[in-house]
Amino acid sequence: MRPDRTPLTLLLIGAAILAVGPFAPQWTLFLLTVALAKGLVVLGLMMLLRCGLVSFGQALYYCLGAYAAGMLGRLYEVSGVFTLMLAGMATSAFVAFVLGFLLARYRSIFFGLLSLAISMILYGLLVKTEALGSSDGFNVLPSTLFGWRPADEWVRYSVLAVAAGVAVIAALAVHRYLGTPLGRLAPAIKDNEIRVEYMGASARQAVHVKYVIAAALAGLGGALAATTVGHIDPEMAYWTTSGEFIFITILAGTGSVIAPFLGALIFGIIQTVAFDISPNTWQMVLGASLLAVIVFLPRGLWSLFRRRKAA
Amino acid sequence: MLKLDNVDVAIQSVQILRRVSLELPTGTMAGLIGRNGAGKTTLMKSVMGILKVSSGTISFDGADLLASPTFKRTSMGIGYMPEDRRLIPDLTCEENLLLPAWAAKQADGAARLERVYRLIPELRGFASRKGSQLSGGQQKMVAIGRALMCGDKLLLLDEPFEGVAPALAHRLVEVVANLKREGMTVILSESDLQHSERMVDRLLVIDRGTLTAR
């Protein structure tokens, strides 16, 4: 049996980010932090995809997490970054727990479209809610670390350091979960749910649990994105945002818990470069790159590492 | 004891099982014989709860099975091997065997696995091979082992010898015959009496959804 190198790799990546961060340009720190936030959402989607479920509405929980964090600052002037992330995660997990009783009954296209419909309901509600800035959204209070606010030139690095720490912990937790009995049932659920039932597990309960975990990760990502960007708006719940997460999931592949973060980073780089080169047609570049990945790497970018290992 | 009383099962308004009644005392090995489409698989799936019973009752050791979903029936000691084996190709033989232990969070999973290895020693030989690397007969063996992980009281084997090379089928017959010595209740289905005739205590003949004991 090969040794499990994922935890060590994750810790090394986290340490590398912390070490290189102070010397990197500010815009790369921002890019990396947003990639880590989106990577958290994709990490949850990866878990669902391993069960054969595609959520077209994961932006619902991303947006809920962001708004929970933003509103805590707006209403109660809470700025502690860990409190905000915890609030984002808890809000999304709670909503997913309730909605999960409905969604865990559905599969394939019905699951996907139902999740999309619910995220669009949230979008509609936010757009119509003037107290939350309607379609303009509102600015998020600058975050602090246990009451300490770093100097301006260190803000981006501080947020990145927190994001890297949170992402590593979340990835390690999911990696560990995937090794537990419930986590290891994912391929069985994907392959044939009835078999899972006659082997002694409730597929619906298993899906429900994974759905809540995925939502908690999305909420965490949303809260992190809100503190990084400093602004939130209903677009975070819009279907194109959910599509972006699906895009990254396909780009990354489901082979490892590291893949979602790699995919989110590659996505961010392609998006930034494409926008820089061709501001009016950057979506074409994104579309072409996804097409290339689907054709040449149907198991996503992570399969490149798998192939190297196999060779 | 497994008891079915006037069980009716319909699939999409087509009546498959008609007033099926059956009593199988503990330790009985029963052969369920019938042509394709007679209702053998439907009967097993109904006992497992995979198909809904439209009327009648099914009980096992006094407990009403119809009140429990499929995943809870396994915790009563009922194991099921479907006709098409349904191993997960990317998991090893041992991981496929352990799936029920993971699914049902069995604390005694390791002991159950040892029991399976004791009953089917061949499984140890290809424990680390992936499901996709096993022959059809070996896959059947793993599938029986997996059903045994849950089924320590009642085992439902759907066509266990179907499509298996004669030498391996002979070995599978031995494996199933050994279960009888373990005191388990077993129902095994076959389209004819080719393998099961000599080992079964009771023969159940099913035709167009109606059961007749012989």
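Above: the structure in question.
Note that the structure is a prediction, hence the values are computed from the model and not measured.

1. A short note on the overall build of chain A
Per the secondary structure count, chain A includes 14 helices and 2 strands. Judged by the C-alpha coordinates and their principal axes, chain A covers about 55 × 45 × 40 Å. Here chain A holds 311 residues, and the buried ones make up 46% of them.

2. So, the overall build of chain B
Within chain B, the regular secondary structure consists of 7 helices and 10 strands. What you see for chain B is a C-alpha radius of gyration of 16 Å, in line with the 17 Å of a compact globule of 214 residues. Projecting the C-alpha coordinates of chain B onto the three principal axes gives extents of approximately 45 × 35 × 35 Å. Each of the 214 residues in chain B was classed as buried or not, and the buried ones make up 46%. By sequence separation, contacts in chain B at least 24 residues apart represent 68% of the contacts at least 6 residues apart.

3. Re unusual backbone geometry
Its identity as a non-glycine residue notwithstanding, A:Glu77 has a phi of 55°, on the positive side. Taking the number of C-beta atoms within 10 Å as the measure of exposure, A:Glu77 has 8 and is therefore exposed.

4. Brief notes about the interface of chain B and chain A
At the interface, 19 residues of chain B touch 16 residues of chain A. Among the elements of the structure, helix H2 (70-73) and helix H3 (93-103) of chain B are those that each provide at least two residues to the side of chain B that touches chain A. Residue contributions to the side of chain B that touches chain A peak at 4 residues, all from H3(B). Counted by class, the side of chain B that touches chain A contains 13 nonpolar, 3 polar and 3 charged residues.

5. Observations regarding the sheet that holds strand E4 (residues 55-60) of chain B
Residue and element names in this part refer to chain B. In spatial order, the strands read E2-E1-E4-E5; together these 4 strands make up an open sheet with antiparallel pairing. Among the strands making up the open sheet, the edge pair consists of strand E2 (14-24) and strand E5 (63-64). With 5 bridges joining them, strand E1 (residues 2-11) and E4 adopt antiparallel strand pairing. Across the sheet, Leu-2 pairs through a bridge with Phe-60, a residue of E4.

6. Things to note about H3(B)
Taking burial as the measure, the 11 residues of H3(B) include 9 buried ones, the bulk of the element. Residues B:Cys93, B:Asn96, B:Leu97, B:Leu98, B:Leu99, B:Pro100, B:Ala101, B:Trp102 and B:Ala103 constitute the buried set of H3(B). Turning to H3(B), the residues buried within the fold contact helix H7 (181-184), helix H8 (186-191) and helix H9 (193-198) of chain A together with helix H4 (109-119), helix H5 (122-125) and helix H6 (136-150) of chain B. Within two residues after H3(B), B:Lys105 carries a phi angle of roughly 50°, on the positive side.

7. Quick notes on the pairing of E4(B)
All names here are of chain B. Pairing analysis gives 2 bridges linking E4 to E5, with the strands arranged antiparallel. Across the sheet, the residue bridging to Ser-59 is Asp-64, located in E5. What sits between E4 and E5 in their antiparallel hairpin is a turn of 2 residues, with Asp-61 showing a positive phi close to 50°.

8. Topic: H6(B)
Taking 1.5 Å as the rise per residue, H6(B) with 15 residues should run 21 Å; its terminal C-alpha atoms sit 22 Å apart, in good agreement. For H6(B), the tally of buried residues reaches 13 of 15 residues, placing the bulk of the element in the interior.

9. Re the packing of helix H4 (residues 81-103) of chain A against helix H10 (residues 203-229) of chain A
Residue and element names in this part refer to chain A. At a minimum axis separation of 7 Å, H4 and H10 run at an interaxial angle of 145°. For H4 against H10, the interelement crossing comes out right-handed. Broken down by class, the residue content of the contact of H4 with H10 amounts to 18 nonpolar, 8 polar and no charged.

What counts as what
- Throughout, a residue's number is its position along its own chain's written sequence, starting from 1.
- Each chain is given a letter, starting from A, and each ligand a number, starting from 1, according to the order in which they appear as written.
- Thresholds applied to this predicted model are a pLDDT of at least 70 for local features of residues and 80 or more for the giving and counting of side-chain atom pairs; totals over whole chains, interfaces and linings are not thresholded and use all residues.
- Going along the chain from the N terminus, every DSSP run of H or I of four or more residues is numbered as a helix, and every run of E of two or more is numbered as a strand.
- Between the buried cut of 20 or more and the exposed cut of 12 or fewer other C-beta atoms within 10 Å of a residue's own C-beta lies the partly exposed class, and all C-beta atoms are placed from the backbone.
- Put simply, the radius of gyration uses C-alpha atoms, and a globule should come to 2.2 Å times the residue count raised to 0.38.
- Here, residue contact means that the backbone-derived C-beta atoms of the two residues sit within 7 Å.
- Each residue gets one label: Ala, Val, Leu, Ile, Met, Phe, Trp, Tyr, Cys and Pro are nonpolar, Asp, Glu, Lys and Arg are charged, and the others, such as Gly, are polar.
- Strands were regarded as paired on the criterion that DSSP finds at least two bridges between them.
- In this scheme, a helix's expected span is set at 1.5 Å multiplied by one less than its residue total.
- For helices, the fitted axis covers only the stretch in contact; all axes are lines through C-alpha atoms, and the angles between them, taken along N-to-C directions, range from 0 to 180 degrees.
- Crossings are sorted by hand: turned counterclockwise from the far helix by less than a right angle, the near helix makes the crossing left-handed, and turned clockwise it makes it right-handed.

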